[in-house]
Amino acid sequence: MSTPSTLRAGRRTNLALLAMLVSALVTGLLGYAIGTPGTARVVTIAHGAFGLGLLLLVPWKSVIVRRSIGRSTQHHTASILLGLLLLTSLAAGVLHAVGGYHSVLGFTALTVHVAAAVLIVPLLVAHARGRRQQLRRADLTRRTVLRAGALGVGSLAAYGTVEAANAVLRLPGRHRRATGSYEIGSGVPEQMPVTQWFTDRVPTVDRLGWQVEIGPRTVTYADLSASPDGVRAVLDCTGGWYAEQDWRGVRLDRLLTDAPADTQSFDVVSVTGYRRRFALADADRLLLATHVAGSPLSGGHGGPVRLVAPGRRGYWWVKWVRRVELTSRPAWLQPPFPLQ
Ligand code: HEM
Ligand SMILES: Nc1nc2c(c(=O)[nH]1)N[C@H]1C(S)=C(S)[C@@H](COP(=O)(O)O)O[C@H]1N2
Ligand SMILES: [Mo]
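Residues numbered from 1 in each chain as written. Chains lettered and ligands numbered in written order. Predicted model: local features only at pLDDT ≥ 70, side-chain atom pairs only at ≥ 80, totals over all residues. Heavy atoms only, no water.

## Digging into the overall build of the protein
Moving on, step 1. Along its length, the protein carries seven helices and 11 strands.
Moving on, step 2. Per-residue burial over the protein gives 41% buried out of 340 residues.
Moving on, step 3. If you take every contact in the protein between residues at least 6 apart in sequence, the share linking residues at least 24 apart comes to 71%.
Moving on, step 4. A total of about 18300 Å² of accessible surface is found on the protein, and carbon and sulfur atoms cover 63% of it.
Moving on, step 5. Measuring between centres, the 38 positive side-chain charges of the protein sit 20 Å from its 19 negative side-chain charges. (Helix = DSSP H or I, 4+ residues; strand = E, 2+ residues; numbered from the N terminus. Buried < 20%, exposed > 50% of the residue type's maximum accessible area, 1.4 Å probe, protein only. Contact = heavy atoms within 4.5 Å. Areas by Shrake-Rupley, 256 points an atom, 1.4 Å probe, with all protein chains shown as cover. Lys, Arg positive; Asp, Glu negative; His and termini not counted. Charge placed at Lys NZ, Arg CZ, Asp CG, Glu CD.)

What follows is the structure, encoded as structure tokens:
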């Protein structure tokens with residue numbers, strides 16, 4: 001056939017775009033939930049491929065867009081905004097993946113990337129709802145499967161191209177961790193960015209008078225800071241940076257020996273109200289830390305007492321810990337990400 005393949009642009013192009021976009025959103029969120037390097041690598045590569053793969057469909061989608069502009073009088077404002085947000089998110093994602101960790105007026109490429117992606121969700125729902133594209137039985141032909149395969153291979157090749165550019169041009173991106181984070185301040189905690197998840201603020205605290213309530217018992221700062229328990233662990237913030245430090249404090253299982261028999265999990269609660277829930281069985285892998293790199297924790301980095309949660313992303317590492325609440329509810333019964 002001599003017809004250019006973009007003439008086939010239509011329903012299936014839209015369905016492919018939607019599937020890739022939803023997959024990019026899901027793998028993006030999944031990557032935030034994963035702290036172990038092996039799994040994180042797979043999810044991050046899939047994420048980059050789904051995102052970059054969208055660009056491969058631009059020639060087809062632009063035919064659809066031009067057709068639509070030509071034939072309808074409806075308002076396109078929401079669709080244009082959706083397109084602009086998508087371009088912003090893509091550009092910022094790639095900028096993060098090649099350019100390193102830079103904060104400009106408190107924003108980093110990754111915060112712009114994720115914020116734009118989150119704003120896309122309601123627009124995408126409205127956009128797709130008004131333009132239902134039915135999946136048909138006849139879609140399951142050998143040719144469609146081959147095309148989907150080609151799109152998959154092309155998407156991975158696009159990801160490979162960015163990685164090759166990182167390596168060949170010796171860009172900062174070649175040093176990122178499996179999660180996509182850049183190393184800042186390993187062994188030198190003062191160099192780590194002070195980071196809040198969302199709306200939390202650094203409180204003023206009284207170090208020496210600090211106490212932590214653990215179920216019915218109370219432990220003082222002096223008790224905690226006299227403990228020899230230590231762990232070397234990586235704090236990996238979803239904002240795109242990580243640092244490896246030597247942390248010292250008390251292993252949480254030592255403080256939970258008299259927990260009631262029906263205890264399934266516990267909430268680690270900050271003086272600010274910020275909280276995360278953990279399974280009781282995980283307590284021996286968690287540290288209530290008072291020290292990092294041999295010195296007391298600074299106020300910005302969670303002093304007097306913070307949680308150290310090896311293998312988990314930064315938002316689990318509750319700062320300014322005031323209370324550990326024992327519960328008989330399962331650990332998964334909590335918002336997947338903090339709310340403040
Ligand atoms: C509209 C949805 C999204 C699209 C199209 C998208 C696309 C992309 C692209 C193209 C990259 C660069 C990949 C590379 O070259 O390595 C990227 C990186 C990244 N994205 Fe997204 N993304 C989306 C949503 C999200 C969400 C919701 C999150 C997190 C909650 C997220 C987190 C990340 C992270 C952490 C990176 C850095 C990964 C790395 O350095 O390899 N993304 N994204
Ligand atoms: N109370 C409280 N603890 C918190 C947060 C927060 O906003 N409030 N942010 C978390 C996030 S997202 C990260 S990455 C780490 C950052 O630790 P740092 O400020 O010592 O670098 O703290 C975690 N603990
Ligand atoms: Mo973070």
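## With respect to the coordination of the iron atom of ligand 1
Moving on, step 1. Within the protein, His 47 (NE2) and His 113 (NE2) serve as the donor atoms for the iron atom of ligand 1, at 1.9 Å.
Moving on, step 2. Coordination at the iron atom of ligand 1 comes from six donor atoms whose angles at the metal span 88 to 180°, giving a geometry best classed as octahedral. Here His 113 lies in helix α5 (residues 109–129) and His 47 lies in helix α2 (residues 37–56), a separation of 66 residues in the sequence.
Moving on, step 3. You can call His 47 partly exposed: its relative accessible area is 23%. (Donors = N, O, S within 2.8 Å, 3.2 Å for Na, K, Ca; no water. Tetrahedral: all angles 85-135°; square planar, octahedral: opposite > 155°, others 65-115°.)

## So, the site of ligand 1
Moving on, step 1. Lining the immediate surroundings of ligand 1 are 26 residues, of which Thr 44, His 47, His 113, Tyr 159 and Arg 176 lie closest.
Moving on, step 2. At a separation of 2.7 Å, a nitrogen atom of ligand 1 approaches a polar side-chain atom of His 47.
Moving on, step 3. Contact distances for ligand 1 include 2.7 Å between a nitrogen atom and a side-chain N or O atom of His 113.
Moving on, step 4. Looking at the shell around ligand 1, the elements that each hand over two or more residues are α1 (11–33), α2, α4 (77–99), α5 and α6 (142–168).
Moving on, step 5. A class-by-class count of the residues in the shell around ligand 1 yields 16 nonpolar, nine polar and one charged. (Near = heavy atom within 4 Å. Polar contact = N/O pair within 3.5 Å; in protein donor to acceptor, adjacent residues only side chain to side chain. Nonpolar A, V, L, I, M, F, W, Y, C, P; charged D, E, K, R; others polar.)

## Observations concerning unusual backbone geometry
Moving on, step 1. For the bond from Gly 303 to Pro 304, the omega torsion is 10°, close enough to zero to count as cis.
Moving on, step 2. Even without being glycine, Ala 293 reaches a positive phi, approximately 50°.
Moving on, step 3. Checked against the element boundaries, Ala 293 lands in the loop between β8 (287–292) and β9 (295–296).

## Quick word on the nonpolar core
Moving on, step 1. The biggest cluster of nonpolar side chains holds 42 residues, and the ones touching the most others in it are Val 212, Trp 247, Leu 252, Phe 266 and Leu 288.
Moving on, step 2. Listing elements by their share of this core, those giving two or more residues are β2 (211–214), α7 (221–225), β4 (229–237), β5 (241–251), β6 (265–270), β8, β10 (306–308) and β11 (321–327).
Moving on, step 3. Counting residues in hydrophobic clusters, the runner-up holds 12 residues, among them Leu 21, Leu 85, Ile 120 and Leu 151. (Core = buried A, V, L, I, M, F, W, Y, C linked by side-chain atoms within 4.5 Å.)

## So, the site of ligand 2
Moving on, step 1. Taken together, 21 residues surround ligand 2, and among them Thr 195, Asp 200, His 301, Arg 306 and Lys 319 come closest.
Moving on, step 2. Contacts to ligand 2 include Trp 317, whose backbone N or O atom sits 3.0 Å from a nitrogen atom.
Moving on, step 3. Between ligand 2 and Lys 319 there is a distance of 2.5 Å, counted from an oxygen atom to a side-chain nitrogen or oxygen.
Moving on, step 4. In isolation ligand 2 has 530 Å² of accessible area, and contact with the protein removes 100% of it.
Moving on, step 5. Of the residues contributing to the shell around ligand 2, the split by class is 11 nonpolar, seven polar and three charged.

## Some words on the domain arrangement of the protein
Reports often express the size of an interface as the amount of accessible area lost when the parts come together.
Moving on, step 1. Looking at the protein, the domain boundaries give domain 1 (4–180) and domain 2 (184–327).
Moving on, step 2. Just the C-alpha atoms count here: the centres of domain 1 and domain 2 sit 36 Å apart.
Moving on, step 3. If you look at the interface, domain 1 gives 13 residues, while domain 2 gives 13 residues.
Moving on, step 4. Carbon and sulfur atoms supply 55% of the area buried between domain 1 and domain 2, which totals about 1000 Å² over both sides.
Moving on, step 5. For the domain 1 face of the interface with domain 2, the top three residues by lost area are Tyr 32, Tyr 101 and Arg 177, together amounting to 59%.
Moving on, step 6. Counting the contacts that link domain 1 with domain 2 gives one salt bridge.
Moving on, step 7. Between Arg 177 and Asp 236 there is a salt bridge; the shortest N-O distance is 2.7 Å.
Moving on, step 8. Our count for the domain 1 to domain 2 interface comes out at five residue pairs in polar contact (both at pLDDT 80 or more).
Moving on, step 9. Examining the composition of the side of domain 1 that touches domain 2, we find that three residues originate from one element, α1, more than from any other. (Domains from an automatic or database assignment. Buried area = accessible area lost by both parts, 1.4 Å probe. Salt bridge = Lys/Arg side-chain N within 4 Å of Asp/Glu carboxyl O.)

## A closer look at the packing of aromatic side chains
Describing an aromatic ring pair means giving the distance of the ring centres and the angle of the ring planes.
Moving on, step 1. Applying the stated rule across the entire model yields eight aromatic pairs.
Moving on, step 2. Here the aromatic rings of Tyr 32 and Phe 337 are separated by 6.4 Å at their centres, their planes lie at 80°, and the arrangement is edge-to-face. Of the two residues, Tyr 32 sits in helix α1 while Phe 337 sits in the segment after β11, which places them 305 residues apart along the sequence. There is no split in this pair, since Tyr 32 and Phe 337 are both buried.
Moving on, step 3. Their ring planes at 55° and their centres at 5.1 Å tell us that Trp 197 and Tyr 315 sit as a pair that is tilted. On the criterion of sequence distance, the pair formed by Trp 197 in the loop between β1 (182–183) and β2 and Tyr 315 in the loop between β10 and β11 is long-range, its members being 118 residues apart.
Moving on, step 4. Of the residues examined, Tyr 315 reaches a relative accessible area of 4% and is grouped as buried.
Moving on, step 5. An aromatic cluster is defined as three or more aromatic residues linked by ring pairs; in this entry it consists of Tyr 32, Trp 197, Phe 266, Phe 278, Tyr 315, Trp 316 and Phe 337.
Moving on, step 6. Arg 177 extends its terminal NZ or CZ atom over the ring of Tyr 242, reaching a point 5.5 Å from the ring centre.
Moving on, step 7. Residue placement shows Arg 322 over the ring face of Trp 210; its charged tip is 4.2 Å from the ring centre. (Phe/Tyr/Trp six-rings, centres within 6.5 Å; stacked < 30°, edge-to-face > 60°. Lys NZ or Arg CZ within 6 Å of the ring centre and 35° of its normal.)

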